[in-house]
Amino acid sequence: MTLMDAPVTDVQGDQTSSSAIDHRRTANYKPTPWTYEFIQSLRNDYGEEAHVERVLVLKSDVFRLLNEVTQPLEKLQLIDTLEHLGLEYVFEEEIEEALDNLMPVEDLHCVALYFKLLRRHGREVSSDVFENYEKQIDCMDAKGLLSLYEASQLGFVAETVMEEIKEVAVRRLMETLNGSTDPIVVKQVEHALEVPLQRRLPLMEARWYLDIYEKEDNRSALLLELAKLAFNIGQAAFQGDIKVVSSWWKSLDLGVKMRFVRDRCMESFLCAAGMFPEPGLAICRKQLTKIFKLIVVIDDLYDVYGKLDELEVFTEAVQRWDASAVNQLPDFMRTCFGALLDTCKEIADYAYLRQGKQIDPILAKGWSDITEAFLREARWFNSGYVPSFEEYIETACISSSGALILTHTYVLLDLKIKDEELQFLQSYPDTLRSSSMIFRLCNDLATAKAEAERGDAPGCIECYMRETGESEEQARAYVESLIDKSWKTLTEETLARSTMPKPFNKIVLNLCRAVQATYQDGDGYGAPGRRMKRLITSILVKQIHI
């Protein structure tokens, strides 16, 4: 293990004298390219009334179009296009009504769209609709095969036919890819095979699909204008939100007092925006971004910088949920814990004002659980202990923060808070376990190499290799198979078996999609590269030309 020298800082972040230099680890995270001044300078005029009024006119025209289309395949394709363009929330009621009155014909493309849309909307539909798929699949064009492949990604664990369909669809799509001369078809197939639609954030998919749809011969000028306007209006709302969060982060001064942490305000907000893309959910986005930021700060405190005796006291303070418990800690730890208490109080007060529910103990328990998991991992690291794969996963599913994030999400959503649902979340049900597995395993796949080079605690790859004696390649393949299985379980839990409200289930899926986007091409949080910068620019900075 390599210990890096890092000067201790006082309240202002000034270095102490050399005699007081303390030996602490640091991950040497790169500074953020998104400065406070840049964020505050963001500008988008699409929140003005004239643009909102134009959206209302276009929405009325599209609603009329939805009613005029009567052919099943044509209507399903229209709904599918609306969702790809990020307009589902605009036409939520109209889409639900249309799905109520649709029955598929025997055409396999139609069946695939019908199955996909019903499953995505949490409606009951059996995989038996694909009973005779072999008879038609050889005659399907690229669009039909894409719909079939997307439908196959919504299969449940026991639905073996969906796995068969996926394998056949992938093979046929690869043949299409190798034989097609249409650049739009090639891009769509490559995009689908890179990451399935079920695992993509709707917000990011909409931004990507807008560029594709604009080049299609059969595009609708009406849908295209509406989608562009809706995106720009949403971006205007996002920019207002991120400015508020950026000011909050600057006021805490934690980026100065805790220079060892990942300063990732824009990356955190991008995840929150992806989970809550609707313009009216500003409170959810802002508060959840704060939670993301605090999780990262505290995670880095336990993983990188904090001494074990300090972490013991910090964990005890969280368990007591009492700011006075950290008086003997360095100033930066007291500031961090104070920010945690204040932010959770804001969320608890918001819930109480809306519904008269006291949820502060629920949030306190979530933070107690995660800091206990962080501390357990810190003890493992300090003692040189390497846990078994199963032991690691049991702790990592909590330390991944998925369950903690989703508990805050439930409280922030505009839902009636029910005691039985809060108790359900506290029991760490399969919904939270599967989403936390995806969170942790995707993270570990992306960060394993860098963490090994830093001498960090072993992740799931190393634990599995030590336990089984298998190679890194075999360990990665096993972890990827667990991610696939977790997605199937999560799909079933959120879309078919869940007793939780539909809006919450949608957010569970979106959290995992945000994780997928963050760690798709490496550590998009610890070491964000050009891909992450392009994503942030396209969604939060640069408006679409209309």
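In short, a report on the structure. The structure presented is a predicted model; accordingly, all values stated were derived computationally and were not measured. (Residues numbered from 1 in each chain as written. Predicted model: local features only at pLDDT ≥ 70, side-chain atom pairs only at ≥ 80, totals over all residues. Heavy atoms only, no water.)

## Considerations on the overall build of the protein
- Along the protein, the regular secondary structure elements total 25 helices and zero strands.
- Over its C-alpha atoms the protein spans a radius of gyration of 24 Å, differing by no more than 12% from the 24 Å that the globule rule assigns to 546 residues.
- Along the first, second and third principal axes, the C-alpha set of the protein runs to 80 × 60 × 45 Å.
- Relative to its 546 residues, the protein shows a buried fraction of 56%.
- Put simply, of all contacts in the protein between residues at least 6 apart along the chain, 73% involve residues at least 24 apart. (Helix = DSSP H or I, 4+ residues; strand = E, 2+ residues; numbered from the N terminus. Rg over C-alpha atoms; globule rule 2.2 N^0.38 Å. Buried < 20%, exposed > 50% of the residue type's maximum accessible area, 1.4 Å probe, protein only. Contact = heavy atoms within 4.5 Å.)

## Examining the pattern of salt bridges
- Taken as a whole, this structure holds 40 salt bridges when the rule is applied.
- Aspartate 61 is paired through a salt bridge with arginine 64; the nearest N and O atoms lie 2.5 Å apart. Placement of both aspartate 61 and arginine 64 in helix H2 (residues 49–68) is noted, with a separation of three residues, approximately one turn of the helix.
- Arginine 64 gets classed as partly exposed once you look at its relative accessible area, which sits at 43%. (Salt bridge = Lys/Arg side-chain N within 4 Å of Asp/Glu carboxyl O.)

## Description of helix H16 (residues 331–355)
- Given a rise of 1.5 Å per residue, 25 residues ought to cover 36 Å, and the 36 Å separating the end C-alpha atoms of H16 matches this to within 8%.
- One or two residues past the end of H16 sits glycine 356, with phi positive at roughly 70°. (Expected span 1.5 Å × (residues − 1).)

## As for the environment of glutamate 470
- Tracing the chain through its elements places glutamate 470 in the loop between helix H22 (460–468) and helix H23 (472–497).
- What makes glutamate 470 partly exposed here is its relative accessible area of 29%.
- Each C-alpha atom, one on glutamate 470 and one on proline 528, is 30 Å from the other, the two residues being 58 residues apart in sequence.
- A distance of 3.3 Å separates the side chain of glutamate 470 from the side chain of tyrosine 464, its partner in a polar contact. (Polar contact = N/O pair within 3.5 Å; in protein donor to acceptor, adjacent residues only side chain to side chain.)

## Notes on the side chain of glutamate 159
- Inspection of the secondary structure puts glutamate 159 in the loop between helix H7 (142–152) and helix H8 (160–179).
- Taking the relative accessible area as the measure of exposure, glutamate 159 reaches 13% and is therefore buried.
- Within polar-contact distance, the side chain of glutamate 159 engages the side chain of serine 127 at 3.4 Å.
- Setting aside residues up to four positions removed in sequence, glutamate 159 forms contacts with Arg119, Ser127 and Leu154.

## A closer look at the packing of aromatic side chains
- Counted under the stated rule, the structure contains 17 aromatic pairs.
- Between the aromatic rings of tryptophan 380 and tyrosine 385, the centroid separation amounts to 6.1 Å while the plane-to-plane angle is 55°, which identifies the pairing as tilted.
- Owing to a relative accessible area of 37%, tyrosine 385 belongs among the partly exposed residues under this scheme.
- Directly above the ring of phenylalanine 156 sits arginine 119, whose terminal nitrogen or CZ lies 3.8 Å from the centroid. (Phe/Tyr/Trp six-rings, centres within 6.5 Å; stacked < 30°, edge-to-face > 60°. Lys NZ or Arg CZ within 6 Å of the ring centre and 35° of its normal.)

## Quick look at helix H10 (residues 202–213)
- Taken across its twelve residues, H10 has nine buried, putting it largely inside the fold.
- Within the span of H10, buried status applies to Leu203, Met204, Glu205, Ala206, Arg207, Tyr209, Leu210, Ile212 and Tyr213.
- Residues of H10 that are buried make contact with helix H3 (72–84), helix H9 (183–194), helix H11 (221–252), helix H13 (265–275), helix H24 (502–518) and helix H25 (530–541).

## Description of the packing of H2 against H3
- Close contact between H2 and H3 brings their axes to 9 Å; oriented N to C, the two are set at 150°. For the element pair H2 / H3, the angle class is roughly antiparallel. H2 and H3 meet at a crossing whose hand is left-handed. Here Val62, Leu65 and Leu66 of H2 lie close against H3, whose contacting residues are Lys75, Leu78, Ile79 and Leu82. (Axes fitted to C-alpha atoms, helices over the stretch in contact; angles between N-to-C directions. Parallel < 35°, antiparallel > 145°, perpendicular 65-115°, else oblique. Left-handed = near helix turned anticlockwise from the far one by under 90°.)

## Overview of unusual backbone geometry
- The backbone of aspartate 253 shows a phi angle near 65°, a positive value even though the residue is not glycine.
- With respect to the helices and strands, aspartate 253 occurs in the loop between H11 and helix H12 (254–257).
- Under the relative-accessibility criterion, aspartate 253 is labelled partly exposed at 29%.
- Notably, serine 401 is not glycine yet its phi reads approximately 85°, a positive angle.
- Within the secondary structure, serine 401 sits in the loop between helix H18 (389–399) and helix H19 (402–412).
- Residue class for serine 401 comes out buried when judged on its relative accessible area of 3%.

## Focus: the nonpolar core
- Ranked by internal contacts, the top residues of the largest apolar core, which has 181 residues, are Leu87, Phe130, Met258, Phe314, Trp367, Tyr410 and Phe504.
- In terms of residues, this core owes the most to one element, H11, which gives 14 residues.
- Discounting chain neighbours no more than four positions away, the residues touching phenylalanine 504 are Leu406, Tyr410, Leu413, Leu415 and Leu425. (Core = buried A, V, L, I, M, F, W, Y, C linked by side-chain atoms within 4.5 Å.)

It is worth stressing that arrangement in space is one thing and function is another; only the former is reported here.
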